[in-house]
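Coordinates in review
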Amino acid sequence: MSPSSWRPLRLPVLVAVPILVFSILLSWQMYLFDRRAADARIDNVVSLAESRLANQLGMLEGLRGMVLGGGRTDRESLRAYLSSVRAGDLAPGMTGVGFALAAVGSPGEVEAVIARDHGMDRRVYPAMTGDLGFPVTILEPETARNRIALGYDMYAERRRRAAMDRAWETGNAAATQIVRLVQDAQDGEQPGFLLYLPLPADGDRLAATHPGRPPIRGFVFAPISIGDFFRNALDPVLGKGLGFHVIALEDGRRVELFADGPLSGARAVRRLAVLDQTWLIEVYDPYGGYLHSRSLRALVFGGLIALLAGLLTFAQARRVRALAILARERQERAQEKDLLLAEMDHRLKNSLARLSALVGITIRDSGDLADFERRFGGRFRSLATTQSLVTAAPTAAIGIGPLLDAELRSTGHEESALVDASGAELLLDEASAQTIGLVLHELVTNSIKYGALGHEGRLTVRWHRDGAVTHIAWREEGLGSDAAPSDEGFGTGFVRKLVERQLGGRFERSIGGGRVAVDLSWPRD
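Quick summary incoming for the structure in this document. Keep in mind that this is a model prediction, so the values were computed, not measured. (Residues numbered from 1 in each chain as written. Predicted model: local features only at pLDDT ≥ 70, side-chain atom pairs only at ≥ 80, totals over all residues. Heavy atoms only, no water.)

**Description of helix α12 (residues 430-450)**
Relative to the 30 Å expected for 21 residues at 1.5 Å per residue, α12 spans 30 Å between its end C-alpha atoms, a close match to the ideal helical length. The element α12 is extensively covered by neighbouring structure, given that 15 of its 21 residues are classed as buried. Regarding α12, its N-cap is D429, as a side-chain oxygen of that residue lies 2.8 Å from the backbone nitrogen of S432 further along. (Helix = DSSP H or I, 4+ residues; strand = E, 2+ residues; numbered from the N terminus. Expected span 1.5 Å × (residues − 1). Buried < 20%, exposed > 50% of the residue type's maximum accessible area, 1.4 Å probe, protein only. Polar contact = N/O pair within 3.5 Å; in protein donor to acceptor, adjacent residues only side chain to side chain.)

Spelled out as structure tokens, the structure:
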């Protein structure tokens, strides 16, 4: 697009762009604010999970402290402790809390404790193949599901044994990798994990020993169902339109633990440290991405406001521009009207001068009154024909030659030896023909008044077209002392205005040495 074609859009753009820029900045700030709020929600989710884990671990730490403080590892002591700490409120997801006492050499002592505290004959399973095991000895609350786990030797299973060994070596709590809880064996594969705390031995006869490790009497432990844990831990935020996905990272693998809600939209990931295990919590917000956020709505709204302001400004600018064009056209029409009135006055005077010259020429050329009547009538009709040709030409093109011939014929010089006119066959459209006809009329009239056509001398007219520019050369030579005045009168000024304003061309006139030279040139439309 050319620079001029952009001009009508300049003001609307200057109005719309600042509004659009402000909308973009506001939208971006809203988006950043929403993201910070979303991050805060996600951090709250992780905090809820970590708080639940801390409560559960604190419960185990308290139980171990009770035992180390002189408490017994029997069922009644465990029940009393759990009642005192309101375990049901502090441990959502826990399927129970219990003791896994050491079975050294044989499981007989552990089986006796199970029979004493639970009133059931339960053999340790799977059968011990080594000299050491840690069967589930006591597990509260005593439910049908938990009774299944009684006697289960957790040390016989690889993942449980690995967590027990880490806790035994460090003396601190340890968590297993994801396992299938024994209590859930009848319900299918249910992901879960266990927390272990070692119970140091204090001269116990059946303490477990291992090179490089302190002797222990067993473990305080808690089996936890992952589904129940997260449903309870995340209860304040579940069902709020967010999606949750929990993954455990184990040996380079991603183990699916828990999923709830829509798993699509903007995703944020946080690490959750479960003692010495690492989990990932993925939180999905279907409306948290930029395309669904209120910041996008603000941007769209601001863009529409900018567009509307631009359109209104453009419409107003067009209206103002149309009014300016209308005012300019009215001014131009007024100027054209004044020019036409002046031309009418001038043409009337020229017509009278022509008529007078025509009468004088005809009288000189006529032998008698009848001859005068014949010559004068023909020339007068020729003048009328020429006037009609110039001022009321049809839409068909008109040549320069016929225009000049019409003017010369109207003055009686169509066959004059004083005139030498020739040029290419050039056709002018209606507007150019009218203008050039007026110009030739003025030149012929002036020549009759002051130059070669009215006095002595010779007129030469040539025309041609050079590319897109048309040229007319008007030469009057051999003029006497009473040749055309050098001052530019109304007629010459009128010709100059016609050429320069209506044709967009050039008009040059020079007088001197018995010679008049007029050069016209204008570009073709």
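**Details of the pattern of salt bridges**
Scanning the model with the defined rule gives 24 salt bridges in all. In this structure, the salt-bridge partner of D74 is R72, at a minimum N-O distance of 3.2 Å. Because the salt bridges share partners, they merge into one network encompassing R75, R79, E140, E142 and R147. (Salt bridge = Lys/Arg side-chain N within 4 Å of Asp/Glu carboxyl O.)

**Some words on the pairing of strand β9 (residues 213-225)**
A large share of β9 lies buried, amounting to eleven of its 13 residues. Bridge analysis of strand β1 (residues 97-101) against β9 gives four bridges, and the strand direction is antiparallel. Bridged to G98 within β9 is F221. The pairing of strand β7 (residues 191-200) with β9 spans nine bridges and is classified as antiparallel. Bridged to L195 within β9 is A222. Hairpin connection of strand β8 (residues 208-210) to β9: two residues between the antiparallel strands, including G212 at a positive phi of 85°. (Pairing = 2+ DSSP bridges.)

**Some thoughts on the sheet that holds strand β10 (residues 243-250)**
Ordered by their spatial adjacency, four strands build an open sheet running β11-β10-β13-β12, and the pairing between neighbours is antiparallel. The open sheet has two free edges, formed respectively by β11 (253-260) and β12 (266-274), since each of these has just one partner strand. Averaged over all adjacent pairs, the angle separating strand axes in this sheet is 25°, with direction ignored. Pairing analysis gives seven bridges linking β10 to β11, with the strands arranged antiparallel. Bridging from a neighbouring strand, H245 pairs with A259 of β11. Contacts from helix α8 (residues 226-233) reach β10, β11, β12 and β13 (277-285) within the one sheet, and its direction differs from that of β11 by about 50°. (Axes fitted to C-alpha atoms, helices over the stretch in contact; angles between N-to-C directions. Contact = heavy atoms within 4.5 Å.)

**Considerations on the side chain of D153**
Considering the arrangement of structural elements, one finds D153 in the loop between α6 (144-149) and α7 (158-170). Although buried, D153 forms no salt bridge, and the nearest oppositely charged side chain, R161, lies 7.9 Å from it. Sequence-distant contacts of D153, that is, excluding residues within four places in its chain, are made with V124, Y125, P126, M128, G133, F134 and P135. (Lys, Arg positive; Asp, Glu negative; His and termini not counted.)

**Notes on the packing of aromatic side chains**
Given two aromatic rings, one states the distance between the centres and the angle between the planes to describe the pair. Here the structure, examined in full by the defined rule, presents ten aromatic pairs. Here F229 and F230 contribute two aromatic rings whose centre-to-centre distance is 5.0 Å and whose plane-to-plane angle is 80°, an arrangement assigned as edge-to-face. Side by side, F229 and F230 carry an identical accessibility label, which is buried. Judged by centre distance (6.0 Å) and plane angle (40°), the ring pair of F230 and W279 falls under tilted. Taken together, the residues span a long stretch of sequence, with F230 in helix α8 and W279 in strand β13 at a distance of 49 residues. Classification of W279 as buried rests on a relative accessible area of 2%. If you follow R213 out to its NZ or CZ, it ends over the ring of W168, 5.1 Å from the centre. (Phe/Tyr/Trp six-rings, centres within 6.5 Å; stacked < 30°, edge-to-face > 60°. Lys NZ or Arg CZ within 6 Å of the ring centre and 35° of its normal.)

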